[in-house]
Amino acid sequence: MLSYKDVGLKKEEYDLILKYLGREPNDLELSMFGVMWSEHCSYKNSKALLKLFNTKGDMVLQGPGENAGVIDIGDGYAIAMKIESHNHPSAIEPYQGAATGVGGILRDIFVMGARPIANLNSIRFGDLKEDKNKFLLRGVVKGIGDYGNSVGIPTVGGETVFHRCYNGNPLVNAMSVGLLKKEDFKKGIAKGVGNPVMLVGHTTGRDGIGGASFASCNLTKESQEKRSSIQVGDPFMEKLLLEACLELIKEGFVIGIQDLGAAGLTSASCEMAFRGGCGIKIDITKVITREKGMNPIEIMISESQERVLVVIQKGNEDKVFEILKKWNLNASIIGEVTDDGFISVYDGQNLVAQVPAYLLADGAPVNLRDYKRPMYMDKLMGFDLSNIKSHDLKEDVYKLVKSYNIASKEWVYSQYDYQVRNSTVIKPGGDAALIYIKEVNKAVALTVDCNSRYCYLNPYEGGKIALLEAARNIASTGARPVAVTDCLNFANPENEEVYYQFRNCILGITEASRILNVPIISGNVSFYNESEDGAIYPTPVIGMIGILDDVNKATTIDFKEEEDLIILVGETRDEIGASEYLAVCHGIEAGRVPEAQIEIEKNTIEGILKCIDNRLLKSCHDISDGGFIIALLEASFKNVMGAKIDIKTYLKPDRFLFSESQGRFILSCKKGDEDKIIEIFKSLGVMAQVIGFTQKGKIEVTINSQKVLDLDVNEVKKEWEGGLKCFVE
């Protein structure tokens, strides 16, 4: 007999199960509760606060609660989008953990009736001076690349971040975006008494058993023994499954369809039944297994990959099997929809489990936990930065450009096929990716963003900035931000200080989302991201999509020609607190996080979009990590097109160059357009000024009539390109 502890439940949760059932659950039922009431599946420590999110909007067809969120992009088409974590599996088996993370997010997209058109990722690792972290980085990048490349979906954007807080617990967040006709939109729902329930795709094995529970606890040395909790991916099977599902949906045979992810068949069946207000009867002897002697528990909670559960219209069985045979897929009718509200599991003629679907899918207790402000915050935010100064500005610039987080990530994204499907307009390396959609003659901009240091020092401001930074990146391409999917990565929520971080990040994200009118339509929460090395910084990753109506107006970050004028948009303040400069050049992670002025940023984004719409800009780049000088260099690298800058400011040179004040952009334009651009921003209450012009090969910066920097673009570029390679090759 299993105990509640064996399946990861608490005593009070087990007592609730006894109360609801009116009896003791058997081992299979208890195992089903264990996975479904785990943090990973039930969201019991986050559900209450997630209700604060702004989830509605004119374009929203489907908000949180389904496999993916969906927005209407016009002309009868829609976009599905979702981001999810695969952190714990990737910490143990980086290649398979990352690969199956990509596979899982792809299924979330195509079960909605959408064809995936682009993947992104946010991956985070510890210090690369440790061999363990190099191993994790190499494995994760190869896993992401191999799976996405094999299925034929371009990986077009993302972020790769390094910090010691991820030493024992890397983060692997996978995002996917798909295109669908609105008429093909499907949900994970079971309806119609007597309709067949089919399990389609890969065979069911013992891989992934207990994965949901494994992802709902801290990582320890004992985690190494849980390799059976790591799923094994087969991207070629995924491709066949993708095509078959889309064909079944197009032919009109599908009532509802659900990915088998965490908790496997248990999760898919109870969630579909709960959403449809019905029950499902399953006979496990009908499940096609790849291993002999699998018992009911193993079959019901296996997390074998590349599987979906499909409810089809009764009478179409033969046509459905014909399509699945064409795609060479395993498929079997394993049960039917009932009207009793129960998940009833049979082993042949024997009833081996019977539990109300709602109790599994939505019955876990919802916790609104106590919280307290972390003790470190006041000390670190009040850190005196007045004596911090640069002794050699040029040396500090070089330190920054070759540091982990600023250096070129080409080593990473060159392993991804970002041009397959031939629709990638803006490739990795810019502010955001841009994908052309010929069906509607529009483009979508895509990005993922989060500065976890900001969120650690000030979770509320950090949450706001994560969303605002994503919006600036989208706007830099000319696209209007329209929707968000988020992946909220935090440590143990039972810790009151961690729950404070979580709560305040959500409040900050919500405020920015409401003011910018960019709804949050899907997402994921990943708790218990801590190991024996400590807890991760709060990392609420924001995935965002924007719409560009005319792809010919797409704008990139790079300077194009000599003697174009350079315009600085936004106000630079003395804000080096929490900056990359402070961390890299002084070894300090403290100070006040830059202030996010949402209303001003909203107007700034409107100004950027108006300038691009009127074809006034030749380049546009937002200023973020590393400050003004890093953004200026990034705009210079592609065409080795530098700049001659002359600034008047009350700030000392290092403060101006490295400040990470929010809401700023570097623009370039042809001579004669500068007055129109400045007038647009002035009318919106946003500062904008001409600060110089482009020139070939050199960057010269004069501040308050004193030349403070004279850089050779090629030399700096060489350092930037080699900064990451030297640690991983």
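Quantities reported herein were computed from a predicted structural model and do not represent experimental measurements.

K.L.:
Let's hear about the overall build of the protein chain: which residues, and what values?
P.N.:
Counting its regular elements, the protein chain contains 26 helices and 28 strands. Taking 2.2 N^0.38 as the reference for a compact globule, 729 residues should give roughly 27 Å; the C-alpha atoms of the protein chain span a radius of gyration of 26 Å, in line with that estimate. By its C-alpha atoms, the protein chain is 90 × 50 × 45 Å across when sized along the principal axes. Out of the 729 residues in the protein chain, the part that is buried amounts to 64%. Taking the intrachain contacts of the protein chain between residues at least 6 apart in sequence as the baseline, contacts between residues at least 24 apart amount to 85%. Taking the average location of the 83 positive side-chain charges in the protein chain and that of its 100 negative ones, the two points are 2 Å from each other.

K.L.:
Before we move on, could you go through the packing of aromatic side chains and cite the residues and values that matter?
P.N.:
Inspection of the entire model under this criterion finds 16 aromatic pairs. Aromatic pair Tyr-4 and Tyr-14: ring centres 5.5 Å apart, planes at 25 degrees, arrangement stacked. Here the residue Tyr-4 occupies a position in the segment before helix H1 (11–21), and Tyr-14 occupies one in helix H1, the gap between them amounting to ten residues. Among the residues examined, Tyr-14 registers a relative accessible area of 14% and is labelled buried. Measuring from ring centre to ring centre gives 5.4 Å for Phe-33 and Trp-37, while their planes differ by 85 degrees; the resulting arrangement is edge-to-face. In this structure Phe-33 comes out as buried when scored by relative accessible area, which is 0%.

K.L.:
Quick rundown of the environment of Val-193? Include the residues and the values.
P.N.:
Its location among the elements puts Val-193 in the loop between strand E6 (171–181) and strand E7 (196–201). We classify Val-193 as exposed; its relative accessible area is 59%. Along the backbone, Val-193 and Val-337 are 144 residues apart, and their C-alpha atoms lie at a distance of 4.9 Å. Aside from chain neighbours lying at most four places away, what touches Val-193 is Val-337, Thr-338 and Asp-339.

K.L.:
Describe the UniProt feature "domain: PurM-like N-terminal" (unreviewed entry) in the protein chain, naming the residues involved and giving the relevant values.
P.N.:
If you check UniProt for "domain: PurM-like N-terminal" (unreviewed entry), the listed places come out as residues 65–179 and 429–547 in our numbering. Its end C-alpha atoms 19 Å apart, residues 65–179 is made of 38% helix and 37% strand. Spanning residues 429–547, this segment combines 38% helix with 36% strand, and its end C-alpha atoms are found 19 Å apart.

K.L.:
Residues and numbers for the packing of helix H15 (residues 393–401) against helix H22 (residues 628–637), please.
P.N.:
Two numbers describe a pair of packed helices, the interaxial angle and the distance between the axes. Following both chains from N to C, one finds H15 and H22 inclined at 65 degrees, their axes separated by 11 Å at the closest point. In terms of orientation, H15 and H22 fall into the roughly perpendicular class. Helix-helix and strand crossings are classified by hand; for H15 and H22 the assignment is right-handed. Of the residues in H22, those in contact with Val-397, Leu-400 and Val-401 of H15 are Ile-629, Ile-630 and Leu-633. Split into classes, the residues belonging to the contact of H15 with H22 amount to six nonpolar, no polar and no charged.

K.L.:
For the domain arrangement of the protein chain, give the residues involved together with the corresponding values.
P.N.:
The domain boundaries assigned to the protein chain delineate domain 1 (1–37 + 187–364), domain 2 (54–185 + 417–549) and domain 3 (373–407 + 555–728). Summarising the inter-unit geometry, the C-alpha centres of domain 2 and domain 3 are found 25 Å apart. Summing both sides of the interface, domain 2 and domain 3 together bury roughly 3900 Å²; the carbon and sulfur share of this comes to 58%. Area buried by domain 2 at its contact with domain 3 is led by Arg-453, Leu-457 and Arg-472, which between them contribute 20% of it. In this assembly, domain 2 and domain 3 are joined by six salt bridges. A salt bridge links Glu-606 to Arg-480, with the nearest nitrogen and oxygen atoms 2.7 Å apart. Here domain 2 is connected to domain 3 by 27 residue pairs in polar contact (both at pLDDT 80 or more). Of all the secondary structure elements, the ones that give two or more residues to the side of domain 2 that touches domain 3 are helix H7 (131–151), strand E5 (155–162), helix H17 (452–457), helix H18 (459–476), strand E17 (480–489) and helix H19 (496–516). For the side of domain 2 that touches domain 3, the element with the highest residue contribution is H18, accounting for eleven residues.

K.L.:
Run through the UniProt feature "domain: PurM-like C-terminal" (unreviewed entry) in the protein chain, naming residues and quoting values.
P.N.:
When the UniProt feature table is mapped to this numbering, "domain: PurM-like C-terminal" (unreviewed entry) covers residues 193–346 and 562–701. Counted over residues 562–701, helix gives 35% and strand 24%. Its end C-alpha atoms are 16 Å apart.

K.L.:
Tell me about the pattern of salt bridges, and please be specific about residues and values.
P.N.:
On inspection of all chains with the given rule, the structure shows 46 salt bridges. A salt bridge links Asp-146 to Lys-142; its shortest N-O distance comes to 3.2 Å. In this pair, Asp-146 and Lys-142 are both assigned in helix H7, four residues apart and thus about one turn of the helix distant. On the accessibility criterion, Asp-146 (25% relative accessible area) is partly exposed.

K.L.:
Now, about the state of the cysteines: what can you tell me, with residues and values included?
P.N.:
Overall, the coordinates contain zero disulfides when judged by the stated rule. Looking at the unpaired Cys-611, the closest cysteine sulfur is the one in Cys-620, lying at 8.6 Å. On the accessibility criterion, Cys-611 (0% relative accessible area) is buried.

K.L.:
Let's hear about unusual backbone geometry: which residues, and what values?
P.N.:
With a phi angle near 50 degrees, Val-640 is a residue other than glycine that sits in the positive phi range. Looking at the secondary structure, you find Val-640 in the loop between H22 and strand E24 (641–647). A positive phi angle, near 70 degrees, is found at Ser-705, a position not held by glycine. Residue position: Ser-705 is located in the loop between strand E27 (698–703) and strand E28 (706–712).

K.L.:
Residue-level account of the sheet that holds strand E12 (residues 342–347), with values.
P.N.:
Sheet strands line up and pair through hydrogen bonds in the backbone, either parallel or antiparallel. Spatial ordering of the open sheet is given by E8-E10-E7-E11-E9-E12-E13, a layout of seven strands whose pairing is mixed. Of all the strands in the sheet, the pair left with one neighbour each is strand E8 (254–259) and strand E13 (350–356). Across the sheet, the mean angle separating the axes of adjacent strands is 25 degrees when strand polarity is ignored. Relative to E13, E12 runs antiparallel, the two sharing six bridges. By the bridge assignment, Val-345 is partnered in E13 with Ala-353. Each of E8, strand E9 (279–283), strand E10 (307–312), strand E11 (330–338) and E12 touches helix H10 (residues 264–276); the most contacted strand, E8, lies at about 140 degrees to it.

K.L.:
An account of the pairing of strand E3 (residues 77–85) is requested, with residue identities and associated values reported.
P.N.:
Of all nine residues in E3, eight are buried, a share of seventy percent or more. Two successive antiparallel strands, strand E2 (residues 69–74) and E3, enclose a turn made up of two residues, where Asp-75 displays a positive phi of approximately 60 degrees.

K.L.:
Help me get a handle on the packing of helix H6 (residues 94–110) against H7, residues and values and all.
P.N.:
Two elements in contact, H6 and H7, have axes separated by 7 Å at closest approach and are oriented at 35 degrees. As H6 runs across H7, the sense of the crossing is right-handed. Where H6 approaches H7, its residues Pro-94, Tyr-95, Ala-98, Ala-99, Val-102, Gly-103, Leu-106 and Arg-107 are matched on the opposing element by Phe-135, Leu-136, Gly-139, Val-140, Lys-142, Gly-143, Ile-144, Asp-146, Tyr-147, Gly-148 and Val-151. Each residue belonging to the contact of H6 with H7 can be placed in one class, and the counts come to twelve nonpolar, four polar and three charged.

K.L.:
So, H22: which residues are in play, and what are the values?
P.N.:
Quick reminder: α-helices carry 3.6 residues per turn. Residues three or four places apart thus point the same way. Burial runs high along H22: nine of the ten residues are buried. Every buried residue belonging to H22 is among Phe-628, Ile-629, Ile-630, Ala-631, Leu-632, Leu-633, Ala-635, Ser-636 and Phe-637, and all of these are buried.

K.L.:
Before we move on, could you go through the side chain of Thr-447 and cite the residues and values that matter?
P.N.:
Topologically, Thr-447 is positioned in strand E16 (residues 442–449). In terms of polar contacts, Thr-447 uses its side chain to reach the backbone carbonyl oxygen of Asp-431, at 3.5 Å.

K.L.:
Explain the sheet that holds strand E23 (residues 619–622) to me, using residue names and the numbers behind them.
P.N.:
Strands sit in the order E23-E25-E22-E26-E24-E27-E28 across an open sheet of seven strands; the sheet is mixed. Only two strands of the sheet have a single partner each, and these edge strands are E23 and E28. Strand-to-strand, the axes of this sheet are offset by a mean angle of 20 degrees, without reference to chain direction. Taken together, the four bridges between E23 and strand E25 (residues 665–669) define a ladder with antiparallel strand orientation. Paired with Asp-622 across the bridge in E25 is Phe-665. Of the strands in this sheet, strand E22 (565–569), E25 and strand E26 (688–696) touch helix H24 (residues 674–683), which is tilted by about 145 degrees from E26.

Rules of the game
- Residues numbered from 1 in each chain as written.
- Predicted model: local features only at pLDDT ≥ 70, side-chain atom pairs only at ≥ 80, totals over all residues.
- Heavy atoms only, no water.
- Helix = DSSP H or I, 4+ residues; strand = E, 2+ residues; numbered from the N terminus.
- Rg over C-alpha atoms; globule rule 2.2 N^0.38 Å.
- Buried < 20%, exposed > 50% of the residue type's maximum accessible area, 1.4 Å probe, protein only.
- Contact = heavy atoms within 4.5 Å.
- Lys, Arg positive; Asp, Glu negative; His and termini not counted.
- Charge placed at Lys NZ, Arg CZ, Asp CG, Glu CD.
- Phe/Tyr/Trp six-rings, centres within 6.5 Å; stacked < 30°, edge-to-face > 60°.
- UniProt positions renumbered as here; feature names shortened; annotations may be inferred.
- Axes fitted to C-alpha atoms, helices over the stretch in contact; angles between N-to-C directions.
- Parallel < 35°, antiparallel > 145°, perpendicular 65-115°, else oblique.
- Left-handed = near helix turned anticlockwise from the far one by under 90°.
- Nonpolar A, V, L, I, M, F, W, Y, C, P; charged D, E, K, R; others polar.
- Domains from an automatic or database assignment.
- Buried area = accessible area lost by both parts, 1.4 Å probe.
- Salt bridge = Lys/Arg side-chain N within 4 Å of Asp/Glu carboxyl O.
- Polar contact = N/O pair within 3.5 Å; in protein donor to acceptor, adjacent residues only side chain to side chain.
- Disulfide = S-S within 2.5 Å.
- Pairing = 2+ DSSP bridges.

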